[in-house]
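Letter by letter, the chains look like this.
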Amino acid sequence: MLPEEKARVKIDKQLRNAGWDIVARNEYLPNSTSAVEEALMGGNTESDYLLFIDGKAIAVVEAKREDNPLGDEVKTQAEDYAVSPQAWYGLWFEKLIPLVYMANGNKIYFKNMLEMQRGYLVERLLKWYLLSNGI
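Our subject in this report is the structure included herewith.

Criteria and cut-off values
- Residues numbered from 1 in each chain as written.
- Predicted model: local features only at pLDDT ≥ 70, side-chain atom pairs only at ≥ 80, totals over all residues.
- Heavy atoms only, no water.
- Buried < 20%, exposed > 50% of the residue type's maximum accessible area, 1.4 Å probe, protein only.
- Helix = DSSP H or I, 4+ residues; strand = E, 2+ residues; numbered from the N terminus.
- Pairing = 2+ DSSP bridges.
- Salt bridge = Lys/Arg side-chain N within 4 Å of Asp/Glu carboxyl O.
- Core = buried A, V, L, I, M, F, W, Y, C linked by side-chain atoms within 4.5 Å.
- Contact = heavy atoms within 4.5 Å.
- Arc of directions from axis to C-beta.

### So, the pairing of strand β7 (residues 108-112)
Move 1: Of all five residues in β7, five are buried; the element is thus mostly enclosed.
Move 2: Here β7 shows a buried face lined by I108, F110 and N112 and a second buried face lined by Y109 and K111.
Move 3: The sheet contact formed by strand β6 (residues 99-103) and β7 spans five bridges and is antiparallel. Following the sheet pairing, M102 is matched in β7 by Y109.

Shown next, in the form of C-alpha cells:
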C-alpha cells in the first residue's frame, strides 16, 4: 500500500467515526450527508473529499501521506478547491466552499474561509466532530 493510501485509511476511519458516509462521486445522492471521494472541482481537478450537508458542499478535505507536513503547497491546493466548486454543486455561500481541512492521518489542519485573516488551526478529531454535527 502506498503512503498516501495508508493515510487515507486513517482519514476514512476518522470521517466515519465523525458520522460521515464516504461515497464515490458516482454514488452520491443529493440531500444526503456524505463525504464524496475524488470530487470534481473547477479546472478539471479533484479534491480528495468534498463534504456535503443537505445537498450543499460545506468542506474540502485534502488528504496527504503521513509524512507530509501539510505546508504552503497543500494549503494553496486545498484553498484553490474551496474557491473553484463546480457550477452544479449546491453551496451555502456563493462560489465558496467555506471550510477547508488538510489531513495526513496524524494531523488535521482546519481553516474557515469566511475568516480569511485567521490562519489554520491544528486540530484532531474535535473539528471533525464539530463539523459533522453542524457546530
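After presenting the structure, the write-up continues.
### Some points on the pattern of salt bridges
Move 1: The tally for this structure, following the rule as stated, stands at nine salt bridges.
Move 2: Notably, a salt bridge pairs D48 with R8, separated by 3.2 Å at the nearest N-O pair. Here R8 lies in helix α1 (residues 3-17) and D48 lies in strand β3 (residues 45-53), a separation of 40 residues in the sequence.
Move 3: Residues joined by salt bridges that share partners form a network here, namely R8, E37, E38 and D48.

### Considerations on the nonpolar core
Move 1: Within the largest apolar cluster, 21 residues are counted, with the highest numbers of intra-cluster contacts made by L50, F52 and I97.
Move 2: Here the element with the most residues in this core is helix α2 (residues 72-82); it accounts for four residues.
Move 3: Dropping the residues within four chain positions of it, F52 is found in contact with W20, Y28, S32, T33, S34, V36, A57 and Y89.

### Points about α2
Move 1: Where α2 is concerned, the buried positions are V74, A78, E79, Y81 and A82. For α2, the angular spread of the buried residues around the axis is 155 degrees, confining them to a single face. For α2, the exposed residues set more than 90 degrees away from the buried face come down to D72 and E73.
Move 2: Contacts made by the buried residues of α2 are with β2 (34-41), β3, β4 (56-63), β6 and β7.

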